[in-house]
Amino acid sequence: METLIEVQNFTFYYGESPVPALADLNLTVRRGEFVGITGPTGAGKTTLALALNGVIPHFQGGRWSGRVVVAGMDTAETPCSRLARIIGSVFQDPEAQLVATDVEEEVAFGLENQALPREEMLPRIEEALTMVGIRDLRHRSLKELSGGQKQRVAIAAALAMRPAVLVLDEPTSELDPQGTQDVMEVLRLLNREHHLTIVLLEQKLAAMAPYISRLVCLHEGRVVADAPPREILRREKLLRELGLEDPPVAAFFRQLQRAGLYSRDLPLTVEEGREELGRLFAKEGIL
Amino acid sequence: MPPASFLHNLHPLTKVVWSLAVVTAAFFLQGPLPLLLLWASVLAVAGAGKVLRQVLPALKGLALLAGLFFLFQVFLIREGNTVFTLFPAKGIGQVTDVGLYACTVLALRMLAMTSTIPVLLATTNPKDMVVAFVEKLKVPYLYAFMLVTSLRFIPILQEQLDLVLQAQRARGRDLEGRNFIKRVKAVVPLALPLLLVSIRRSRTLAISLETRGFGSGPRTHLRPLAFRPADIAATAACLLLAFLVILL
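Residues numbered from 1 in each chain as written. Chains lettered and ligands numbered in written order. Predicted model: local features only at pLDDT ≥ 70, side-chain atom pairs only at ≥ 80, totals over all residues. Heavy atoms only, no water.

Novice: Would you take a moment to explain the interface of chain B and chain A for this structure?
Specialist: The figure often quoted for interface size is the accessible area lost as the parts come together. Taken residue by residue, the interface counts 30 residues in chain B and 37 residues in chain A. Roughly 3,100 Å² of surface becomes buried between chain B and chain A when both sides are summed, with 55% attributable to carbon and sulfur atoms. Our count for the chain B to chain A interface comes out at six salt bridges. Between B:R201 and A:D93 there is a salt bridge, and its shortest N-O distance comes to 2.6 Å. On inspection of chain B and its partner chain A, the count reaches 14 residue pairs in polar contact (both at pLDDT 80 or more). Among the secondary structure elements, those contributing two or more residues to the side of chain B that touches chain A are α7 (126-136), α8 (141-170) and α9 (180-210) of chain B. Sort the elements by how many residues they give to the side of chain B that touches chain A and α9(B) lands first, with nine residues. Tallied by class, the residues present in the side of chain B that touches chain A amount to 14 nonpolar, eight polar and eight charged. (Contact = heavy atoms within 4.5 Å. Buried area = accessible area lost by both parts, 1.4 Å probe. Salt bridge = Lys/Arg side-chain N within 4 Å of Asp/Glu carboxyl O. Polar contact = N/O pair within 3.5 Å; in protein donor to acceptor, adjacent residues only side chain to side chain. Helix = DSSP H or I, 4+ residues; strand = E, 2+ residues; numbered from the N terminus. Nonpolar A, V, L, I, M, F, W, Y, C, P; charged D, E, K, R; others polar.)

Encoded structure:
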């Protein structure tokens, strides 16, 4: 698969800070991947997101070295507005990242900045809203929407610019479990049906693990693990050392594994867990 | 969805012209009756635009303000015949017929002038107002955007303030003291977190704008505003009426 994002030995220090926020970081993302990036607070998730969309080094000052290449363009040499057409960005605070008063205007904002003619905007708005499943909210005021709906508007606003990759920085941190799941389902759909490459920076490991194809763990600005989520969840020591959330279903089956009762892949969701338990009970002749 | 009316569909600048025409007329009209009629015409326009109920609270506030204005002024005018005195024994609080007349005119003038503003705001999408100013009056988009964004952030700040208040009450901080100095002192621990949160929010907004290609060159608008025949007619009518009032 074609490489879309290439981070090469990237190091970044905020202002005069002696501690690097990102330390000699290397990461490759290929087209079509759904990559989850996790790590404790301060591990460098937000800094990495800002480095990918060019806010670092264009907007956020600091000392840096190394390279970030997105779709063949070096971010340090490409203006943010150009990168905006390749990387769609969604942030944590649904309130502060929205600029308009109603849904349609919000989704149109990026297109207006690109000076697209109106005839081209209308179908793109329709398409973006349909992709995230909120076509019926098109003419609603942003004030009336729930947090989850607002985040989907933010995703639609990014999608309308037809980016090659979507970078989301803790998009669900201010959402309730239902809102979180809604956003995750939308991301899965975008990845599977529309073959959009997604980089999701997220602390909620249990919520994210069932959806992603690859999990990257950050610690003190470095990549310390990079594997499919099921493999990483097997490494209890790593989870504990990084202070990561240990999804309860996976944790339970790890206990069974240790007791020698279970040898298959770790289930990630309650549904998968139920199925595996049923299989186990049948095998052991419990039911 | 707001209820659509002819008033909602008019070009924002047409409504600004109407507002200015009312202001001009209010300056030139002298008697209480003409001013009352002018104010009634503003209410009639609001009624025709189906926003009378919506602007009623704002109108009540403005009427209250005009009333206060009246009360402050009425005791200061000494000319004319005294109608009554508030404290006859001390000779304080004289109200004269000239004073009553002049203050009624002033209060009505103020009321008529300011009443167009809530009507204007209730029938115009802020974004449309920006587009109108940018396209027709050539105001730089950046300034217009700044204005609308600051308006949009007011309710968000209000929510944040409530949150800070609740957080401090939960920690047993008394913010309801009657003592003026105490109340001023209580503002600092309120203002500081609010300021910090606002700075963080505006940073997020700036980053969000950056990643959506804001300010990268000329831009287009989703809802271009056309100056229609109805706008021309309404603008002409407003100008004509204002002219007539000035001439008379």
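Novice: Could you clarify how one ought to interpret the nonpolar core in this entry?
Specialist: Nonpolar side chains tend to gather and get buried jointly when the protein is soluble and globular. Residue and element names in this part refer to chain A. In this structure, I155, L159, L166, L187 and L190 are the most contacted members of the largest nonpolar core, which totals 62 residues. Residue contributions to this core peak at six residues, all from helix α6 (residues 147-159). Lining this core are residues from two domains, each supplying at least three of them: domain 1 (3-233) and domain 2 (247-287). In contact with L166, not counting residues within four places along its chain, are G88, I155, A158, L159, L187, L190, L196, T197, I198 and V199. (Core = buried A, V, L, I, M, F, W, Y, C linked by side-chain atoms within 4.5 Å. Buried < 20%, exposed > 50% of the residue type's maximum accessible area, 1.4 Å probe, protein only. Domains from an automatic or database assignment.)

Novice: Any chance you could explain the side chain of B:T116 here in plain terms?
Specialist: Residues and elements named next belong to chain B. Looking at the element boundaries, T116 is found in helix α6 (residues 116-123). Only 2.8 Å separates the side chain of T116 from the side chain of S19, close enough to count as a polar contact. For T116, the side chain forms a polar contact with the main-chain oxygen of M113, separated by 3.3 Å. Sequence-distant contacts of T116, that is, excluding residues within four places in its chain, are made with W18, S19, V22 and V42.

Novice: Help me out: how do you make sense of the sheet that holds strand β3 (residues 34-38) of chain A in this one?
Specialist: Think of a sheet as strands paired side by side through backbone hydrogen bonds, with each pair either parallel or antiparallel. Residues and elements named next belong to chain A. Spatially, β6-β7-β8-β3-β9-β10 is the arrangement adopted by the six strands of the open sheet, whose pairing is mixed. Unpaired on one side and paired on the other, β6 (87-90) and β10 (222-227) mark the two borders of the sheet. Strand-to-strand twist of the sheet, defined as the mean angle between neighbouring strand axes without regard to direction, takes the value 20°. Here helix α7 (residues 177-193) sits on the sheet and contacts β3, β7 (165-169) and β8 (197-201); the angle it forms with β8, its principal contact strand, is near 155°. (Pairing = 2+ DSSP bridges. Axes fitted to C-alpha atoms, helices over the stretch in contact; angles between N-to-C directions.)

Novice: In this structure, what is going on with the side chain of B:T235? I would like to understand it.
Specialist: Residues and elements named next belong to chain B. With respect to the secondary-structure elements, T235 resides in helix α10 (residues 229-247). Classification of T235 by relative accessible area gives buried; the value is 12%. Apart from the residues within four sequence positions on either side, T235 is in contact with T14, V17 and F227.

Novice: I'm lost on the packing of aromatic side chains in this one. Help?
Specialist: The description of two aromatic rings rests on the distance between their centres and on the angle between their planes. Taken as a whole and assessed by the stated rule, the structure comprises nine aromatic pairs over all chains. Centroid distance A:F109 to B:F214: 5.7 Å. Interplanar angle 15°. Geometry classified as stacked. Taken together, the residues A:F109 in helix α4 (residues 103-113) and B:F214 in the loop between α9 and α10 connect one chain to another. Here the aromatic rings of B:Y141 and B:F145 are separated by 5.9 Å at their centres, their planes lie at 35°, and the arrangement is tilted. Taken as a pair, B:Y141 and B:F145 lie in helix α8 at a separation of four residues, close to a single helical turn. (Phe/Tyr/Trp six-rings, centres within 6.5 Å; stacked < 30°, edge-to-face > 60°.)

Novice: What exactly am I supposed to notice about the domain arrangement of chain A here?
Specialist: Residues and elements named next belong to chain A. Domain boundaries assigned for chain A yield domain 1 (3-233) and domain 2 (247-287). Between the C-alpha centres of domain 1 and domain 2 the distance comes to 34 Å. Facing six residues of domain 1, the contacting portion of domain 2 comprises nine residues. Carbon and sulfur atoms make up 71% of the area that domain 1 and domain 2 hide from each other, which totals about 700 Å². Summed over the three residues of domain 1 that lose the most area to domain 2, namely P210, R230 and L233, the buried surface amounts to 80% of that side. Across the domain 1-domain 2 interface, the total number found is one salt bridge.

Novice: Just to check I follow, could you spell out the layout of surface pockets for this structure?
Specialist: Over the atoms rolls a probe the size of a water molecule, and in doing so it shows where empty space is left. Estimated volume of the largest pocket: approximately 1,700 Å³. Lining of the largest pocket is provided by 48 residues; of these, A:T101, A:D102, B:T124, B:N125 and B:P126 occupy positions nearest its centre. Only α1 (6-9), α2 (12-28), α6, α7 and α8 of chain B provide two or more residues apiece to the lining of the largest pocket. The dominant element in the lining of the largest pocket, judged by the number of residues it contributes, is α8(B), at nine residues. Partitioning the lining of the largest pocket into residue classes produces 24 nonpolar, 10 polar and 14 charged. (1 Å grid on protein atoms, 1.4 Å probe; cavity = no way out; pocket = protein on both sides within 12 Å on 5 of 7 lines; lining within 4 Å. Points joined across faces, edges and corners; volume = space filled by probe spheres on them.)

Novice: Is there a simple way to explain the sheet that holds strand β4 (residues 62-70) of chain A in this structure?
Specialist: Residues and elements named next belong to chain A. The four strands lie next to each other as β2-β1-β4-β5, forming an open sheet whose pairing is antiparallel. Strands at the two margins of the open sheet, each flanked by one partner only, are β2 (22-30) and β5 (73-74). In terms of strand pairing, strand β1 (residues 3-14) meets β4 through eight bridges, oriented antiparallel. Bridging across to β4, Q8 finds its partner in R67. In the packing of helix α1 (residues 45-52) onto the sheet, the strands contacted are β1, β2 and β4, and the crossing angle to β1 comes to about 120°.

Novice: Would you mind going over empty space enclosed by the protein with me for this structure?
Specialist: Under the definition given, this model contains five cavities of 30 Å³ or more. Forming the walls of the largest cavity are 14 residues, and the residues nearest its centre are A:V99, A:A100, B:K127, B:F145 and B:V148. Put simply, the parts of the chain that give the lining of the largest cavity at least two residues each are α4 of chain A together with α7 and α8 of chain B. By residue class, the composition of the lining of the largest cavity is nine nonpolar, two polar and three charged. There is about 50 Å³ of room inside the second largest cavity. Around the second largest cavity, the lining residues are A:S89, A:Q97, A:L98, A:E106, A:A154, A:A157, A:A158, B:S208 and B:R212.

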